[in-house]
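Descriptive structure summary
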Amino acid sequence: MIIEHIDAQLPGTITDRHAFRGDQTIVVAKATFLAVVELLHREGFQLLVDITAVDWPERAEQGIGRFDVVYHWLNLANQERLRLKVTVADGETMPTLTGTFKTANWFEREVFDLFGIRFEGHPDMRRLVTWDDFPGHPLRKDFPLDGGDAFCMEGCTAPYNHGSRE
Amino acid sequence: MAELDINDAVVTTRLDAVVNWGRKNSLWPLPFGTACCAIEFMSMAASKYDLARFGAEAMRFSPRQSDMMLILGTITNKMAPVLRTIYAQMAEPKWVVSVGVCASSGGIYRTYATLQGVDRVIPVDVYVPGCPPRPESILYGIMKLQEKIEKESMSMRKDHIARFYESLARQETIQAEQGLTGQQAIRTMLTGAAERGVGTIF
Amino acid sequence: MAHPASPFLSVLILLLVAAVTAIAILVLSGWVLPLLKPNNPQTAKLRPYECGVAPLQVGARHKYSVKFYLTAMLFILFDVEAAFLLPWAVNYRHALWTFGAMLSFMATLLVGFIYAWGKGAFEWER
C-alpha cells in the first residue's frame, strides 16, 4: 500500500523492490532518500524500528556501493511494515534521521561503530557498543571474527600452563 | 602462572583451622551477574537449592562488603577493566569463582567482543563449567572453594593477588602514557602476554 | 545474709556484663584481629567505589549550604532553653520566688535571640 503511495507521489524513486511472505522491501537511491522518508513519516510510518547495514565486499570491486543501509519502519495505525535499503560506498556518508525519528540516534551510532558509515548531521557521532578507541569496524567482512589478535589468542596457551605451549 | 602458588609444605595450624572454618562458612558472594548464569545463581540462592545453608545468603553487591566474587555470565572486552577495578576494590581475603563457560573461557563466543576467559585479567580460584551450569553445579563449585579455603594458611603468600595489583598499576600506566582507554590498555597487555606465550596479563 | 540482697544487684551485674563485653570487643578488634587479618593496602583498593568505572566527577561532595548548620544550632539553643523551662514550670507553684531567676535566664537568651534576628540568621532565603 505504501509502495503505491510512493510510486504515485514520488515516481521513479524506488529503484528495486521485492516482497517475501508478507514483508515488503524497497531500494531507494541516496539522493531521493530524504524525500521518501519524509513521505513515509507523513503517511504514518512513524516508528523507526531499526537501522542496520550489510557489507557486500564483492560489490566494491564491481564499483557499486559496498554497504546496504537498511531501515525498518512500522505504521502503528494500520500495522504495516516497510524495509528500505540504500546503497552507500565506503567513505560515503548518509543523512541523519535524528530530527524526525529520535530512535535513529543510537541506531546510527551503532551503524557507525560496526560498519564505519558516518551520518551527517548526527548530534553525537561516536561509537556505541565497542569502546572509544576500538581499532576498526567489527561487522565489516574484512574484520576478522575473533578480533585477529590476542583476545582469542590463536595458538597461545591456556593460562594455567605456566607459559608452556603444550 | 596465574595459579595459586601454594608452597608445597603449607602447615595449617589450629589457628588456621579456626580462621578458615570461619571464612569458609561465611562466604558472602558478590554476584557479578551479566547473563544467563546469573539466573541459575538466582535459583541456587532460592529455597530449593538454598545457598543460605552454606552461610552465603548475604548477597553484597559491593566489593567492600563481600569476599567471594561469582562471575556469572559473559564478560565482554568492554567490561574487562570494570571487572578488574571491582576485583581490585574487594577487601581481602577474597576469592573468585568463574561460573559458566563464558566466564571461564569465552564459551561459545569466540569473537572480537568477548573476553576469552576471565582468568586472562583476574585470578580465579574455582571454575564451574556449564552453559549454564545447573544450580547444583554452582553449589558444588562453592563447596570446592570451601575445600580450597580449608587448606589455606595465614602465613601463605597470595602471589596472584600481588601480581594482579601490579598488572593493574601497569594498565594504568599504559592508559596514562599512551592515552588509551582501559579496554585498549588491556588489549595491548594481552597482545604482549601472547607474544611471551602467557595467557594472562598478571 | 544479714541484709537482703540490694535491689540494685541486677544493675551491677548488667554493668559488669556490659563492661566486659565492651572491653572484650575492643581488645579483640584492636589487638587480636590485626594478627589474623590480611593486610594489603593498595591504592586501587582504596579508591571510592563507582561501579568499576572511572570517577565521573572530582569529588562527590556538593556545596553544602551553611544555613542547615545555622538552623540546627539555633534550634538546639532554644530547645535547651525550653527543656529548662519545663521542670521550672512544673514546680513553679512551690517556689514562686524563682520567677525572677527564670526571667533573667530567659532575658539572657532573649538578647541572643534579638541579635541573631538582627543578623539575619532566621532568613532562609538569602
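Here, every reference points to the structure presented above.
Here's a quick rundown of the structure. (Residues numbered from 1 in each chain as written. Chains lettered and ligands numbered in written order. Predicted model: local features only at pLDDT ≥ 70, side-chain atom pairs only at ≥ 80, totals over all residues.)

1. Remarks on the overall build of chain B
The line we're drawing: Helix and strand labels come from DSSP, where a helix needs a run of H or I of at least four residues and a strand needs a run of E of at least two; each type is numbered from the N terminus. To get the radius of gyration, use the C-alpha atoms; to get the globule rule, take the number of residues to the power 0.38 and multiply by 2.2 Å. Put simply, a residue is buried when 20 or more other C-beta atoms lie within 10 Å of its own C-beta and exposed when 12 or fewer do; between those, it is partly exposed, and each C-beta is set from the backbone. We call two residues in contact whenever the C-beta atoms placed from their backbones are within 7 Å.
Per the secondary structure count, chain B includes seven helices and four strands. Secondary structure elements of chain B, listed N to C terminal, follow the sequence α-β-α-β-α-β-α-β-α-α-α. The C-alpha radius of gyration computed for chain B amounts to 17 Å, which stays within 12% of the reference 17 Å derived for 202 residues, consistent with globular compactness. Split into buried and exposed, the 202 residues of chain B put 50% on the buried side. Contacts in chain B between residues far apart in sequence, at least 24 positions, make up 78% of those at least 6 positions apart.

2. Notes on helix H6 (residues 159-178) of chain B
Keep this limit in mind: One less than the number of residues in a helix, times 1.5 Å, gives the span that helix is expected to have.
The end-to-end C-alpha distance of H6 of chain B is 28 Å, a good match for the 28 Å that 20 residues give at a rise of 1.5 Å each. For H6 of chain B, the elements touching its buried residues are helix H3 (80-88) and helix H7 (182-195) of chain B together with helix H2 (43-46) of chain C. Just past H6 of chain B, the residue Gly-179 of chain B takes up positive phi, approximately 65°.

3. Remarks on the pairing of strand E4 (residues 67-75) of chain A
Residue and element names in this part refer to chain A. Cut-off, in case you're wondering: What makes two strands pair is DSSP finding at least two bridges between them.
Of the pairings in the sheet, the one linking strand E3 (residues 47-55) to E4 comprises eight bridges and is antiparallel in character. Paired with Val-54 across the bridge in E4 is Asp-68. When E4 meets strand E5 (residues 80-88), the two strands line up antiparallel, connected through nine bridges. Within the sheet, the bridge partner assigned to His-72 lies in E5 and is Arg-83. Taken together, E4 and the strand that follows it, E5, pair antiparallel across an intervening segment of four residues, in which Gln-79 is found at a positive phi of about 60°.

4. A look at the packing of helix H2 (residues 36-45) of chain B against helix H5 (residues 135-150) of chain B
Residue and element names in this part refer to chain B. The following threshold applies: To define axes, lines are fitted to C-alpha atoms, for helices over the stretch in contact only, and angles between the resulting N-to-C directions are given on a 0 to 180 degree scale. In this scheme, roughly parallel covers angles under 35 degrees and roughly antiparallel covers those over 145, while 65 to 115 is roughly perpendicular and the rest are oblique. In this classification, the charged set is Asp, Glu, Lys and Arg, the nonpolar set is Ala, Val, Leu, Ile, Met, Phe, Trp, Tyr, Cys and Pro, and all remaining amino acids, among them Gly, are polar.
Closest axis-to-axis distance for the H2/H5 pair is 8 Å, and the angle between their directions is 80°. Classified by the interaxial angle, the pair formed by H2 and H5 is roughly perpendicular. On H5, the residues touching Glu-40, Phe-41, Ser-43 and Met-44 of H2 are Pro-135, Ile-138 and Leu-139. Among the residues forming the contact of H2 with H5, the class breakdown is five nonpolar, one polar and one charged.

5. Side note on the arrangement of the chains
Inter-chain contacts occur across two pairs of chains; the most extensive set of contacts lies between chains A and B. For chain A and chain C, which are not in contact, the least C-alpha distance works out to 13 Å.

6. Structural notes on the sheet that holds strand E3 (residues 95-99) of chain B
Residues and elements named next belong to chain B. The four strands lie next to each other as E1-E2-E3-E4, forming an open sheet whose pairing is parallel. Each edge of the sheet is formed by a strand with only one pairing partner; in this case those strands are strand E1 (29-33) and strand E4 (126-128). When the angles between neighbouring strand axes are averaged without regard to direction, this sheet yields 20°. Sitting on the sheet, H5 touches strand E2 (68-72), E3 and E4, and the angle it makes with E4 is about 165°.

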